[in-house]
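# Summary of the model geometry
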Amino acid sequence: MNLYLRYFDRETLVQSVDEAIDFLNSIGEFDMDPELEADIRAYAASDVYFPKRYKIRPRVYFIIIKTEAATMQDFKEKRNVRKADAPLKEKGASPLLMKLNEEREGWYEGVLDFKRVQMVPGTGKFQYRDTRFVAQVKAYSGLDCYNRIIDHLRERVDERSQFPSVKGKNFHFHYLGKAKPVEQ
């Protein structure tokens, strides 16, 4: 694993943490203290692949990015970039978008938490209220279930109501099967 470092217009691609620390020491605009060095070593050894930003002083940072690119040109052209879903595939889990788009015709139960605009009776003013809406719909996928619920609600609630993203934590669904669920 290589490390890309950038401080303003100075940048480098190194193959070890020691080379990265030597590069940062060569800049000379800040002091490399033992805590910063230990944090850089911990970041390089971790499984985290997100870029890391280090604050030097107000509005002055340097960044470190882990990469599998062998040369600076490969890095700039985004070759050998680690895919964000690679760890998920290794573990056998499917990402949320794959579950949402998985086509499986039948009945779904969708649960949507949204901000509904309602009038306060005594004052005539409007306010947002957290509202949970649960529906059983016939759909082709989780995304189709979400779209059908949103279309239904848009016709029946105030247009200023706020609906969550299909990828957010305020929408959940599960597949009920091909036959219509029995009402309880």
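Look a little higher up for the structure.
Keep in mind the model is a prediction, meaning the values are calculated, not measured.

## Details of the overall build of the protein chain
Helix and strand counts for the protein chain come out as six helices and seven strands. By residue count, 33% of the 184 residues in the protein chain fall in the buried class. Put simply, of all contacts in the protein chain between residues at least 6 apart along the chain, 53% involve residues at least 24 apart. As displayed, the protein chain has an accessible area near 12,700 Å², and 49% of this comes from carbon and sulfur atoms.

## Concerning the sheet that holds strand E1 (residues 2–7)
As summarised here, the arrangement of the four strands in space is E2-E1-E4-E3, forming an open sheet in which the pairing is antiparallel. Among the strands making up the open sheet, the edge pair consists of strand E2 (10–14) and strand E3 (52–57). Between one strand and the next, the sheet's axes are offset by a mean angle of 15°, whatever the strand orientation. Pairing of E1 with strand E4 (residues 60–67) involves five bridges; the strand directions are antiparallel. Within E4, the position partnered with leucine 3 by the bridge is lysine 66. Contacts between helix H2 (residues 34–45) and the sheet are confined to E1, E3 and E4, with E4 contributing the most and set at about 30° to the helix.

## Structural notes on the environment of leucine 143
Considering the arrangement of structural elements, one finds leucine 143 in helix H6 (residues 142–154). Along the primary structure leucine 143 and leucine 100 are separated by 43 residues, whereas in three dimensions their C-alpha atoms are 5.1 Å apart. Apart from the residues lying within four places of it in its own chain, the contact partners of leucine 143 are Leu100, Asn101 and Val166.

## A few points about the pattern of salt bridges
Overall, the coordinates contain 10 salt bridges when judged by the stated rule. In this structure, arginine 10 and glutamate 29 form a salt bridge, with 3.4 Å as the shortest nitrogen-oxygen distance. With arginine 10 in strand E2 and glutamate 29 in the loop between helix H1 (17–27) and H2, the pair connects residues that are 19 residues apart, well separated along the chain. Two residues, arginine 41 and aspartate 18, come together in a salt bridge whose shortest N-O distance is 2.7 Å. Of this pair, arginine 41 sits in helix H2 while aspartate 18 sits in helix H1, placing them 23 residues apart in sequence. Three or more residues joined by partner-sharing salt bridges are found here, namely Asp18, Glu37 and Arg41.

## Digging into H1
An α-helical turn contains 3.6 residues, so a residue and the one three or four places further along point in the same direction. What H1 keeps buried is the set Val17, Ala20, Ile21, Phe23, Leu24 and Ile27. Seen along its axis, H1 keeps its buried residues to an arc of 155°; they face one direction. Opposite the buried face of H1, at more than 90 degrees from it, the exposed residues are Asp22 and Ser26. Glycine 28 sits one or two residues past H1 and shows a positive phi near 80°.

## Observations concerning the sheet that holds strand E6 (residues 126–139)
Read from one edge to the other, the open sheet built from three strands follows the order E6-E5-E7, with strand pairing classed as antiparallel. Across the chains shown, the open sheet's two edge strands, defined by having one partner strand only, are E6 and strand E7 (171–177). The mean angle between the axes of side-by-side strands here comes to 25°, regardless of whether they run parallel or antiparallel. Contacts from H6 reach strand E5 (106–119), E6 and E7 within the one sheet, and its direction differs from that of E6 by about 130°.

Conventions used here
- Residues numbered from 1 in each chain as written.
- Predicted model: local features only at pLDDT ≥ 70, side-chain atom pairs only at ≥ 80, totals over all residues.
- Heavy atoms only, no water.
- Helix = DSSP H or I, 4+ residues; strand = E, 2+ residues; numbered from the N terminus.
- Buried < 20%, exposed > 50% of the residue type's maximum accessible area, 1.4 Å probe, protein only.
- Contact = heavy atoms within 4.5 Å.
- Areas by Shrake-Rupley, 256 points an atom, 1.4 Å probe, with all protein chains shown as cover.
- Pairing = 2+ DSSP bridges.
- Axes fitted to C-alpha atoms, helices over the stretch in contact; angles between N-to-C directions.
- Salt bridge = Lys/Arg side-chain N within 4 Å of Asp/Glu carboxyl O.
- Arc of directions from axis to C-beta.

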